[in-house]
Amino acid sequence: MSLTGIPLSYEPLVAPARPRRQIWRTLLGLAITGAVYFGWMVGLAMLAAWYQGVPFDRLLYRVATGADPWGMILLLGGFLGGWIGVWVAIRLLHRRRLGSLLGRAPAVLRDFVTGLVILALIGGGLTLVMMPMLPPLTLRPDVSVWLAFLPLALLGVLVQTGAEEVLFRGYLQSQLAARLAQPLIYLTLPAILFGLAHYNAEERGADAWLVVGSTALFGLIAADVTQRTGNLGMAWGLHFANNVLAMLVLSVTGALNGLALFEAGDLAPEMARPLLVADMLVTVAVWAVCRLWLRRR
């Protein structure tokens, strides 16, 4: 533990935030990021609507639901606006480099691969165990189309998960840690906001808050491994592997399924809730393996 109350392992991400750590700067930075992201997404959708010759509102619906491959690609590509927004905010308000939110490149790459492998093995393995709980799976009829989109889809998921990690764990968490140095605040507040950003009562109905809780739990685990590694690599790798499994391999929610190879049928509420709870248990198991790996290292 450093003299500031921040773990020494976390200092590489927190130290650059200290010179300009006022709360008003952080709140304004979040507003700038949101405005740039929204503007980028709308501009991208308008350009795509013009290019495809379709009404803007129809294309926007396709992007929001992610029900077809190009809708999903546009949705994922929209998160590039998140990267741009964070970069604009930290340059204008904090005089920070984007790399100061990520950590040293070799460590980021090493821990990204570690997180990806851990979640792919643990999460993928336990998903196979839970297969009997799922309705019969449907293989998409156009596998060749899925293969053609796969490289672009993987790049899109990399951009999307990286944007969320840079915003919640890189920017918000480090700025709060620099200002308050209280783990209960700088670990949990970004995780709660991360969970709330995934609230969707229209699609998830009565389970919407359970989804928020599951997502917030993942955010808390990503926050913990970030402060223990001093970079975003492991959190980003976990997030990337999780979303690849959920968006590109097996969709069980019926939403954002335009690029999924397999899709489960409609889940009844009595089946969906146990799966969400099981998903939370898988997340805790992945976290435990990450902590053991870091302790041995």
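Please read these numbers as outputs of a predicted model, since none were measured by experiment. Every chain is numbered independently, its residues counted from 1 as its sequence is written. Local features in this predicted model are restricted to residues of pLDDT 70 or higher, and side-chain atom pairs are both shown and tallied only at a pLDDT of 80 or more, whereas totals for entire chains, interfaces and linings draw on every residue. Think of the side-chain values as coming from all heavy atoms in the structure, minus any hydrogens and water.

Engineer: I would appreciate a short explanation of unusual backbone geometry in the present structure.
Structural biologist: Negative phi is the rule for most residues except glycine; trans is the rule for most peptide bonds. Phi angles above zero are rare outside glycine, and Arg95 is one such case at about 55°. The topology assignment puts Arg95 in the loop between α5 (80-94) and α6 (99-102). On the basis of relative accessibility, which here comes to 53%, the residue Arg95 falls in the exposed class. A positive phi angle, near 55°, is found at Ala181, a position not held by glycine. By the element assignment, Ala181 lies in the loop between α8 (143-180) and α9 (183-186). Note on conventions: DSSP H or I runs of at least 4 residues are helices, E runs of at least 2 residues are strands, and numbering of each starts at the N terminus. For each residue, the accessible area found with a 1.4 Å probe, counting protein chains only, is set against the maximum for its type, and the residue is called buried under 20%, exposed over 50%, and partly exposed in between.

Engineer: Would you take a moment to explain the pattern of salt bridges for this structure?
Structural biologist: When their charged atoms lie close together, side chains carrying opposite charge are able to pair. Salt bridges are counted wherever a side-chain nitrogen of Lys or Arg sits within 4 Å of a carboxyl oxygen of Asp or Glu. Within the structure shown, the criterion is met by 7 salt bridges. Between Glu11 and Arg18 there is a salt bridge, with its nearest N and O atoms 2.9 Å apart. When sorted by exposure, Glu11 lands in the same class as Arg18, which is buried. A salt bridge links Asp224 to Arg228; the nearest nitrogen and oxygen atoms lie 3.0 Å apart. In this pair, Asp224 and Arg228 are both assigned in helix α12 (residues 208-229), 4 residues apart and thus about one turn of the helix distant.

Engineer: I keep staring at the side chain of Asp68 and nothing clicks. Help me out?
Structural biologist: You can see Asp68 is positioned in the loop between α3 (56-65) and α4 (69-77). We call two residues in contact when some of their heavy atoms are within 4.5 Å. Filtering out sequence-adjacent residues up to four positions away, Asp68 remains in contact with Arg62 and Gly258.

Engineer: What am I meant to see in a positive patch on the surface here?
Structural biologist: Taken together, the side chains of Arg20, Arg91, Arg95 and Arg97 define a basic patch exposed on the protein surface. Here Arg91 is to be found in helix α5. According to the relative accessible area criterion, Arg91 is partly exposed, its value standing at 41%. Only residues whose relative accessible area exceeds 30% and that form no salt bridge are eligible for patches; like-charged ones are grouped when within 9 Å, while nonpolar side chains (Val, Leu, Ile, Met, Phe, Trp, Tyr) are grouped when within 5 Å. Areas reported here follow the Shrake-Rupley algorithm with a probe of radius 1.4 Å; residue values treat only the protein chains shown as occluding. Charge assignment in this entry is limited to Lys and Arg as positive and Asp and Glu as negative, and neither His nor the chain termini are counted. Taken as the charge centre is NZ of Lys, CZ of Arg, CG of Asp or CD of Glu, depending on the residue.

Engineer: How should the side chain of Arg25 be read in this particular structure?
Structural biologist: In this fold, Arg25 is placed in helix α2 (residues 23-52). Of the side chains with opposite charge, Glu11 comes closest to the buried, unpaired Arg25, at an N-O distance of 18 Å. Sequence-distant contacts of Arg25, defined by excluding residues within four places in its chain, comprise Arg20, Leu93, His94 and Tyr171.

Engineer: Just checking my understanding: could you explain α8 for this structure?
Structural biologist: For a residue, the bend is simply the angle between two axes, fitted respectively to the seven-residue segment ending there and the seven-residue segment starting there. Approximately 50° is the largest bend angle found in α8, and it occurs at Leu150, with the proline Pro151 only one to four residues beyond. Just downstream of α8, Ala181 is the residue with a positive phi angle, here 55°.

Engineer: Explain the packing of α3 against α4 to me, please; I cannot follow it from the model alone.
Structural biologist: The relative placement of two packed helices is expressed as an angle between their axes plus a distance between the axes. Note on method: axes are straight lines fitted to C-alpha atoms, helices fitted across the in-contact stretch only, with angles between N-to-C directions ranging 0 to 180 degrees. Interaxial distance between α3 and α4 falls to 7 Å at its minimum, and their mutual angle equals 80°. Comparing their axes, α4 and α3 come out roughly perpendicular. Contact residues: α3 offers Leu59, Arg62 and Val63, while α4 offers Trp70, Gly71, Leu74 and Leu75. In what follows, roughly perpendicular refers to angles from 65 to 115 degrees, roughly parallel to angles under 35, roughly antiparallel to angles over 145, and oblique to any angle outside these ranges.

Engineer: Teacher, can you tell me more about a nonpolar patch on the surface here?
Structural biologist: A grouping of Leu180, Leu184, Ile185, Leu189, Ile192, Leu193, Leu196, Tyr199 and Trp209 is seen on the molecular surface, where their side chains present a nonpolar patch of about 830 Å² in accessible area. Among the secondary structure elements, those contributing two or more residues to the nonpolar patch are α9 and α10 (188-196). Per-element accounting of the nonpolar patch gives the leading share, 4 residues, to α10. Summarising the element assignment, Trp209 is placed in helix α12.

Engineer: Explain α10 here, please?
Structural biologist: Think of an α-helix as turning once every 3.6 residues; residues three or four places apart then point the same way. By the burial criterion, the buried members of α10 are Pro190, Ala191, Phe194 and Gly195. Buried residues of α10 fall within an arc of 140° about the axis and therefore sit on the same side. Where α10 is buried, its residues touch α8, α9, α12 and α13 (233-249). Directions drawn from the helix axis to the C-beta atoms are what define this arc.

Engineer: Teacher, can you tell me more about the packing of α5 against α8 here?
Structural biologist: For the pair α5 and α8, the least separation of the axes is 8 Å and the interaxial angle reads 25°. One finds that α5 runs roughly parallel with respect to α8. In terms of crossing hand, the pair formed by α5 and α8 is left-handed. Where α5 approaches α8, its residues Leu80, Trp83, Val86, Ile90 and His94 are matched on the opposing element by Val159, Gly162, Ala163, Val166, Leu167, Tyr171 and Gln175. Among the residues forming the contact of α5 with α8, the class breakdown is 9 nonpolar, 3 polar and no charged. Here a crossing is called left-handed whenever its near helix is offset anticlockwise from the far helix by less than a right angle, and right-handed whenever the offset is clockwise. Each residue is assigned to one class: nonpolar for Ala, Val, Leu, Ile, Met, Phe, Trp, Tyr, Cys and Pro, charged for Asp, Glu, Lys and Arg, and polar for all the others, Gly among them.

Engineer: Please clarify how the environment of Arg25 should be interpreted in this entry.
Structural biologist: You can call Arg25 buried: its relative accessible area is 18%. Each C-alpha atom, one on Arg25 and one on His198, is 25 Å from the other, the two residues being 173 residues apart in sequence.

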